[in-house]
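Each chain is listed here by its residues.
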Amino acid sequence: MKASYDIIIIGGGIAGIGAAIKAGKEGASVLLVEHYGFLGGMSTAGMVSPFMKYAVNGTPLVRGSFEDIEKAMRAQNGMIDTGFYAWAFRNAAASLTAKYGVDVSYDTDLIEVKKDGEHITYVVLATAHQVVEVQGKIFIDASGDAQMIDLAHCPWLKGDEKTGKTQALTLFFRMGGIDVRKTCQYASEHRKHFLDWMEYDFDYSKILSIAGYKNFIKDAQARGEISKDFEYIFFTTLPKDGEGAFNTTNIRGLDPTNTAEITEAEKEGHQQVHQIVALAQKEIPGFENAYLIDTAVQVGVRETRRAVCEYMITGSDIRKGRKFPDVIARSCYGVDIHGQHGEDSVLEDVPEGDWYDVPLGSILVQKADNLMAIGRCMGSDRAGHSAIRVMPTACATGEAAGALGALAVKQGKTIREVQYKDLAQAISYNVK
Ligand SMILES: Cc1cc2nc3c(=O)[nH]c(=O)nc-3n(C[C@H](O)[C@H](O)[C@H](O)COP(=O)(O)OP(=O)(O)OC[C@H]3O[C@@H](n4cnc5c(N)ncnc54)[C@H](O)[C@@H]3O)c2cc1C
């Protein structure tokens, strides 16, 4: 690690990776700081798969680093259609950041931010063995939890506007040995127990989504065998036949920014995994020979803090398919809130053929002149956040921040002084 960098990015999830690759491509010196010993955040430690919808009429809305990651995963046979393995993502991210000259500091946490007025000067980073100060010109918070924004005493919001509740948590797991054709046949024949959005024209060469089995859940809950918080079993298939990624556990009432509560969530998540695996093996057609392969490294966190930025994307922007003159990313994924106790879940589609824009202001953090927020911690209201948090959009916002940071350094300007047309040119493949 050098003593100073053009751009320092905190958090190596898909947003931070997108920012790092783009800034590296544009010739900036980049430090990417990551808590774990590998990159990917929710995409790897959280074991999340597949990528949510990001194409309109067959044309991808997100290219650049996102396309690089996809290509690298396909080349390893670690991705088909939109589904991928965490190992493939980790390898892709490691090789691409190396290719574009990004210095990655693993097993490293941001613990302090030093400022001169509204200008950030240094970050203080800690491993288990050492604490170091590193100087930067531009900083990007890609921590998912707006940790840098918090440490820099910049403003943030958390959760629902009235109650402060954050979305339910989910510990992902993978199973193998599933007879996928049998599960599809069962779903086709018992549609009333499956979710409304299920499609039954199963194409086995693609990633299939199966969500329901509400009858099994209800009965097992009545017998007291599984948590009352389960709503349904949801899994998507993976590249290897018979394997599925399960987005099924439903952990409510716990705040992931509170140490005691996230610990409780991890414990609850593992209990729920074992409850549902046992139920599936015992009762559900197609799971007779299925087995648990693995659980995610950490419980999946959908929502915590969001930076207060110059523009806050709203649920209404998403619902109206709003377009902005200073667009930095485009998305076609709708509002998707996994409800807490006392809340209904919300899942809305963006109308077929339409999309919405993410504007530049939503990554420019208030009260700091050289700090951007991307991915899960960018500026939005709760409903807006629930849409833009998905992996392709998070990566595209990172791409824009990486490009803007590199332009500011090259031009000797602040991130607010760079002309939008220069940024639009640098990320033209995402905003045309
Ligand atoms: C259960 C669940 C299901 C989901 N399903 C889908 C889906 O099907 N499709 C889809 O496209 N999206 C899905 N999402 C959303 C998506 O996975 C995430 O919103 C997205 O991956 C967030 O990316 P990010 O880079 O913003 O943050 P993260 O992936 O959270 O990355 C943040 C990174 O910062 C690191 N970090 C944090 N603090 C520090 C610190 N102080 N110092 C150093 N490093 C730090 C973390 O270790 C992590 O690697 C799902 C999310 C969850 C939780």
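Residues numbered from 1 in each chain as written. Predicted model: local features only at pLDDT ≥ 70, side-chain atom pairs only at ≥ 80, totals over all residues.

Looking at the overall build of the chain
1) Next: For the chain, the count of helices and strands is twelve helices and 22 strands.
2) Next: Relative to the compact-globule value of 22 Å for 432 residues, the chain shows a C-alpha radius of gyration of 21 Å, a close match.
3) Next: For the chain, the C-alpha atoms occupy an extent of roughly 65 × 45 × 45 Å along the three principal directions.
4) Next: Out of the 432 residues in the chain, the part that is buried amounts to 54%.
5) Next: Considering only intrachain contacts with a sequence separation of at least 6, the fraction spanning at least 24 residues in the chain is 73%. (Helix = DSSP H or I, 4+ residues; strand = E, 2+ residues; numbered from the N terminus. Rg over C-alpha atoms; globule rule 2.2 N^0.38 Å. Buried ≥ 20, exposed ≤ 12 C-beta atoms within 10 Å, placed from the backbone. Contact = placed C-beta atoms within 7 Å.)

Observations concerning the site of the ligand
1) Next: Surrounding the ligand, one finds 37 residues, the nearest of these being G11, G13, G41, G144 and G375.
2) Next: Elements with a contribution of two residues or more to the shell around the ligand: α1 (14–25), β8 (109–116) and α10 (391–411).
3) Next: The element that contributes the greatest number of residues to the shell around the ligand is α1, accounting for three residues.
4) Next: Class assignment for the residues of the shell around the ligand results in 16 nonpolar, 15 polar and six charged. (Near = placed C-beta within 6 Å. Nonpolar A, V, L, I, M, F, W, Y, C, P; charged D, E, K, R; others polar.)

Re the domain arrangement of the chain
1) Next: Domains assigned within the chain are domain 1 (4–161 + 303–431) and domain 2 (173–295).
2) Next: Summarising the inter-unit geometry, the C-alpha centres of domain 1 and domain 2 are found 29 Å apart.
3) Next: On the domain 2 side, the residues contacting the 16 residues of domain 1 number twelve residues.
4) Next: In terms of residue class, the side of domain 1 that touches domain 2 is made up of five nonpolar, eight polar and three charged. (Domains from an automatic or database assignment.)

Considerations on the nonpolar core
1) Next: Judged by nonpolar contacts, the single largest core of 142 residues is most densely connected at I9, I363 and A373.
2) Next: Contacts of A373, omitting those with residues within four sequence positions, involve D141, A146, I149, A307, C309, I363, V365, M378 and G379. (Core = buried A, V, L, I, M, F, W, Y, C linked by C-beta atoms within 7 Å.)

Notes on the sheet that holds strand β16 (residues 291–295)
1) Next: With respect to topology, five strands assemble into an open sheet ordered β13-β14-β15-β12-β16, the strand pairing being antiparallel. Strand pairing shows two members of the sheet lacking a second neighbour, β13 (209–212) and β16, which therefore form its edges. Each adjacent strand pair in this sheet contributes to an overall mean axis angle of 25°, direction not counted.
2) Next: Two elements, strand β12 (residues 173–176) and β16, share four bridges in a ladder whose sense is antiparallel. Paired with G176 across the bridge in β16 is Y291.
3) Next: With respect to the sheet, helix α7 (residues 259–283) is in contact with β12, β14 (233–237) and β16, its orientation differing from that of β16 by roughly 165°. (Pairing = 2+ DSSP bridges. Axes fitted to C-alpha atoms, helices over the stretch in contact; angles between N-to-C directions.)

Things to note about the pairing of β14
1) Next: Across the five residues that make up β14, a large majority, four, are buried.
2) Next: In terms of strand pairing, β13 meets β14 through four bridges, oriented antiparallel. Each residue of the ladder has a partner; that of G212, found in β14, is I233.
3) Next: Summarising the sheet, β14 and strand β15 (residues 244–246) pair through three bridges and their orientation is antiparallel. Bridge pairing in β15 places T237 opposite G244.

Re α7
1) Next: In a regular helix each residue adds 1.5 Å, so 25 residues correspond to 36 Å; α7 covers 36 Å between its end C-alpha atoms and thus fits that length.
2) Next: What α7 keeps buried is the set A265, E268, G269, Q272, V273, I276, L279 and A280.
3) Next: Among the structural elements, β12, α6 (214–222), β14 and β16 are those in contact with the buried residues of α7. (Expected span 1.5 Å × (residues − 1).)

Observations concerning unusual backbone geometry
1) Next: A cis amide bond, omega 5°, links S49 with the succeeding residue P50.
2) Next: Residue position: P50 is located in the loop between β2 (30–33) and β3 (55–56).
3) Next: The phi angle at Y213 is positive, at roughly 60°, despite the residue not being glycine.
4) Next: Relative to the elements of secondary structure, Y213 occurs in the loop between β13 and α6.

Concerning the environment of G334
1) Next: Locating G334 in the fold gives a position in the loop between β18 (327–331) and β19 (336–337).
2) Next: Residue classification places G334 among the buried positions, given that 22 C-beta atoms sit within 10 Å.
3) Next: Taking the C-alpha atoms as reference points, G334 and L254, 80 residues apart in sequence, are found 25 Å from one another.
4) Next: For G334, the contacting residues outside a window of four places in its chain are I318, E348, D349, V350 and A387.

Remarks on the environment of M378
1) Next: Take M378: it is sitting in the loop between β22 (371–373) and α9 (382–388).
2) Next: Given 33 C-beta atoms within a 10 Å radius, M378 is considered buried.
3) Next: Sequence separation between M378 and V308 is 70 residues, and the spatial gap between their C-alpha atoms is 7.8 Å.
4) Next: Setting aside residues up to four positions removed in sequence, M378 forms contacts with R306, A307, C309, S362, I363, A373, I388 and T397.

Brief notes about the packing of α1 against helix α3 (residues 86–99)
1) Next: It is the contact of α1 with α3, at a shortest axis distance of 9 Å, that shows an interaxial angle of 25°. Taken together, α1 and α3 sit at an angle that is classed as roughly parallel. For the pair α1 and α3, the sense of crossing is left-handed. Between α1 and α3, the residues in contact are I17, A20 and I21 and A93, L96 and T97, respectively.
2) Next: Looking at side-chain class alone, the contact of α1 with α3 contains five nonpolar, one polar and no charged residues. (Parallel < 35°, antiparallel > 145°, perpendicular 65-115°, else oblique. Left-handed = near helix turned anticlockwise from the far one by under 90°.)

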